[in-house]
Amino acid sequence: QVQVVESGGDLVQHGGSLTLSCVTSGFTLDYHTIGWFRQAPGKEREGVGCISSSDNRTNYVDSVKGRLTISRDNARNTVYLQMNSLKPEDAAVYSCNAHVFSSVGRWYDYWGQGTQVTVSS
């Protein structure tokens, strides 16, 4: 019953803004981090940033610091990726990953199916 679902991908102009959402269920009571990843055509998947469940601490890859912000709304079981000052190189399929430490003492990874972000110049 664990679910991870991304949404919000769209076509935006260079310099524009967009917010992606990652709705999760099935592991709210377990310690976890939510990470955002992206993969552009012909390139390897790269991590964008992550947020922890315990203290909402965030970490970002250097290339997006200051432009992309991860936040969480516990009431909605949703993690957001706010993207500002978008560049063509930000265009990619963005995926949400839940890295979960379960009650049985194991780490698990759950992935959403991805949402497309396109940036025009």
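Calculation rules
- Residues numbered from 1 in each chain as written.
- Predicted model: local features only at pLDDT ≥ 70, side-chain atom pairs only at ≥ 80, totals over all residues.
- Heavy atoms only, no water.
- Helix = DSSP H or I, 4+ residues; strand = E, 2+ residues; numbered from the N terminus.
- Rg over C-alpha atoms; globule rule 2.2 N^0.38 Å.
- Buried < 20%, exposed > 50% of the residue type's maximum accessible area, 1.4 Å probe, protein only.
- Lys, Arg positive; Asp, Glu negative; His and termini not counted.
- Charge placed at Lys NZ, Arg CZ, Asp CG, Glu CD.
- Pairing = 2+ DSSP bridges.
- Disulfide = S-S within 2.5 Å.
- Core = buried A, V, L, I, M, F, W, Y, C linked by side-chain atoms within 4.5 Å.
- Contact = heavy atoms within 4.5 Å.
- pLDDT = per-residue confidence, 0-100.
- Axes fitted to C-alpha atoms, helices over the stretch in contact; angles between N-to-C directions.

Visitor: Lay out the overall build of the chain in plain terms, naming residues and giving numbers.
Guide: If you tally the helices and strands in the chain, you get 0 helices and 11 strands. For 121 residues, the compact-globule formula gives about 14 Å, and the C-alpha radius of gyration of the chain, at 14 Å, lands near that figure. Expressed as lengths along the three principal axes of its C-alpha atoms, the size of the chain is roughly 50 × 25 × 25 Å. Residues counted as buried form 36% of the 121 residues belonging to the chain. Positive and negative charge centroids in the chain, built from 10 and 11 side chains respectively, lie 3 Å apart.

Visitor: Residue-level account of the pairing of strand β5 (residues 46-52), with values.
Guide: Pairing geometry for strand β4 (residues 31-39) and β5, over 6 bridges, is antiparallel. Bridge pairing links Gly 35 to Cys 50 in β5. Relative to strand β6 (residues 58-60), β5 runs antiparallel, the two being bridged by 3 bridges. In the sheet register, Gly 49 faces β6, and the bridge partner there is Tyr 60.

Visitor: Can you tell me about the state of the cysteines, naming the residues and giving the values?
Guide: Summed over all chains, the structure comprises 1 disulfide. Each sulfur of the disulfide joining Cys 22 and Cys 96 lies 2.0 Å from the other. Judged by the sign of its S-S torsion, about -85 degrees, the bond between Cys 22 and Cys 96 is left-handed. Of this pair, Cys 22 sits in strand β3 (residues 18-25) while Cys 96 sits in strand β9 (residues 92-101); the two residues are 74 residues apart in sequence, bridging distant segments of the chain. The thiol of Cys 50 is not disulfide-bonded; the next cysteine sulfur, from Cys 96, is found 11 Å away.

Visitor: Explain the nonpolar core to me, and be specific about the residues and the numbers.
Guide: One recurring pattern in soluble globular proteins: nonpolar side chains tend to sit buried together. Ranked by internal contacts, the top residues of the largest apolar core, which has 25 residues, are Leu 20, Ile 34, Trp 36, Leu 81, Met 83 and Tyr 94. Taken together, the elements giving at least two residues each to this core come down to β3, β4, β5, β7 (68-73), β8 (78-83), β9 and β11 (115-120). Take this core: its biggest share by element is 5 residues, from β9. Those residues within four positions of Met 83 in sequence are excluded, and the remaining contacts are Gly 16, Ser 17, Leu 18, Leu 20, Arg 67, Leu 68, Tyr 94 and Val 117.

Visitor: Tell me what's going on with the confidence of the model for the chain, and back it up with residues and numbers.
Guide: Across the chain, the average pLDDT comes to 94, with 100% of residues at or above 70. Averaged pLDDT values for the elements of the chain fall to 95 in strand β10 (residues 107-111) and rise to 98 in strand β2 (residues 11-13).

Visitor: Give a detailed account of the sheet that holds strand β1 (residues 3-7), specifying residues and quantitative values.
Guide: With antiparallel pairing, the 4 strands of this open sheet are ordered in space as β1-β3-β8-β7. The open sheet has two edge strands, β1 and β7, and neither has a second partner. Across the sheet, the mean angle separating the axes of adjacent strands is 15 degrees when strand polarity is ignored. Judged from the 5 bridges that link them, β1 and β3 form a sheet pairing that is antiparallel. For Gln 3, the partnering residue across the bridge sits in β3 and is Ser 25.

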